Structures are given as structure tokens and as C-alpha cells.
Amino acid sequence: MGASGIGIWQLVIVLVIVLLLFGTKRLRNLGGDLGNAFKGFKNAISDDDKSMKDQQSIGTMDDQTPPGSPTESSKEKQTV
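A. Geometry of the overall build of the chain. The helix and strand tally for the chain stands at three helices and zero strands. Seen in sequence order, the chain has helices and strands lined up from the N terminus as α-α-α. Counting the 80 residues in the chain, one finds 1% classified as buried. Accessible surface computed for the chain: about 7600 Å², of which carbon and sulfur atoms make up 63%.

Here it is in C-alpha cells:
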């Protein structure tokens, strides 16, 4: 590879050094924690999307009043 590229052997050396520094147990725990963080983030995003869709569907239901039914402005006029 060129001067700016990282070769396979360089990656292997870095991985061996990381294994020696942190150990397998610590790396396994770190991987599990990272996976749980991604799952939590993904769940939060999907929950937010669901709530946005629910709010939009409620908003469109409010906009669609059946014909012949009083609107909010006519209700306000009746109470005044």
C-alpha cells in the first residue's frame, strides 16, 4: 500500500497491543457495554419516531372534522 494507507500487518500489530494492554475480559465488557449503548440509542430513536407519527396522526384527525359538525370557531361563538 501507499504511504497513507494502513496495511493488514499494521492492523494486526495494533490489535495485539490493545489486547495486551486491556486484556480479553475488559475488551469483552467494553464490547458488551458498547452494544447495549447502541441498542438503547436505537430504541430511543424508534420510540421518538413512533411518538412523532402518533402526534402527526392525531393532528390530521383534528383537521378532519366531519361535514355538518361545528368547528372550534363556531363552538366559541356559541359560548360567547
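B. Examining helix 1 (residues 8-22) more closely. The first and last C-alpha atoms of helix 1 sit 21 Å apart over 15 residues, in line with the 21 Å expected at 1.5 Å per residue. Just past helix 1, the residue G23 takes up positive phi, approximately 85 degrees.

Calculation rules
Residues numbered from 1 in each chain as written. Predicted model: local features only at pLDDT ≥ 70, side-chain atom pairs only at ≥ 80, totals over all residues. Heavy atoms only, no water. Helix = DSSP H or I, 4+ residues; strand = E, 2+ residues; numbered from the N terminus. Buried < 20%, exposed > 50% of the residue type's maximum accessible area, 1.4 Å probe, protein only. Areas by Shrake-Rupley, 256 points an atom, 1.4 Å probe, with all protein chains shown as cover. Expected span 1.5 Å × (residues − 1).

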